[in-house]
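Here's the letter readout for the chains.
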Amino acid sequence: MKNIVFGILVIVFALTSCGSDDESLQRIDQIMNIYMKSSTNPDLLNSKKTGSYASYSVNDMFGTRDDSPVSIPLKMTTDSVFYMEYIAGAKRRRLDSVSPSNPGTGNSYNSRMQITLRKTINNTTETTIDTMEIQYRQSPTLFQVSKVIYNGKEKFSKEADAPNSINTVTIVK
């Protein structure tokens, strides 16, 4: 009799401890491709095009020092359009948490970066300093970019139930 009870307990324990893989995984959706264009130039990140930016640098505004660089590499699409690929690197700060009346749904975070863009016009370097804020949502099953604000204007937003994808952000200057 003891062996039967023990056997049933082992089976019950095995069944309850082997949950579905889907339940234990958190979807991570944070890669962003950032394009810059103007009304006259479809690719402001192509340094070989007249009027485009020759270089850029990114600084984490929540960094531990005044100079906390963030690496955002420049990439190119198959049709030769340049973009910045942001995966991670800037510190995130908690914005808020969901109210106790809606437990388990998650928290909001943000990162804030200063982007310094340089281009040469008539042999003079012109510098533009912009800010980009990335807002994230996190729950037990999801971590994703929810909103991108560039120079105080929303440029991208995504609902929590949207599928994972490369988040495309287009900045028009």
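Structure's up top.
Residues numbered from 1 in each chain as written. Predicted model: local features only at pLDDT ≥ 70, side-chain atom pairs only at ≥ 80, totals over all residues. Heavy atoms only, no water.

Colleague: What's the story with the overall build of the protein chain in this structure? I'm lost.
Modeller: The helix and strand inventory of the protein chain stands at two helices and 11 strands. Along its sequence from the N terminus, the protein chain presents helices and strands in the succession α-α-β-β-β-β-β-β-β-β-β-β-β. When burial is assessed residue by residue, the protein chain has 34% of its 173 residues classed as buried. For the protein chain, long-range pairs separated by at least 24 residues make up 49% of all intrachain contacts whose partners lie at least 6 apart in sequence. Summed over its atoms, the accessible surface of the protein chain is roughly 11000 Å², and 53% of this surface lies on carbon and sulfur atoms. (Helix = DSSP H or I, 4+ residues; strand = E, 2+ residues; numbered from the N terminus. Buried < 20%, exposed > 50% of the residue type's maximum accessible area, 1.4 Å probe, protein only. Contact = heavy atoms within 4.5 Å. Areas by Shrake-Rupley, 256 points an atom, 1.4 Å probe, with all protein chains shown as cover.)

Colleague: Got a minute to help me understand the pattern of salt bridges in this structure?
Modeller: Oppositely charged side chains can form a pair if their charged atoms are brought close together. This model, assessed by the stated rule, comprises five salt bridges. A salt bridge links Arg112 to Glu133; the shortest N-O distance between them is 3.2 Å. Of the two residues, Arg112 sits in strand β7 (residues 107-121) while Glu133 sits in strand β8 (residues 124-139), which places them 21 residues apart along the sequence. When its relative accessible area of 12% is taken as the criterion, Glu133 is described as buried. (Salt bridge = Lys/Arg side-chain N within 4 Å of Asp/Glu carboxyl O.)

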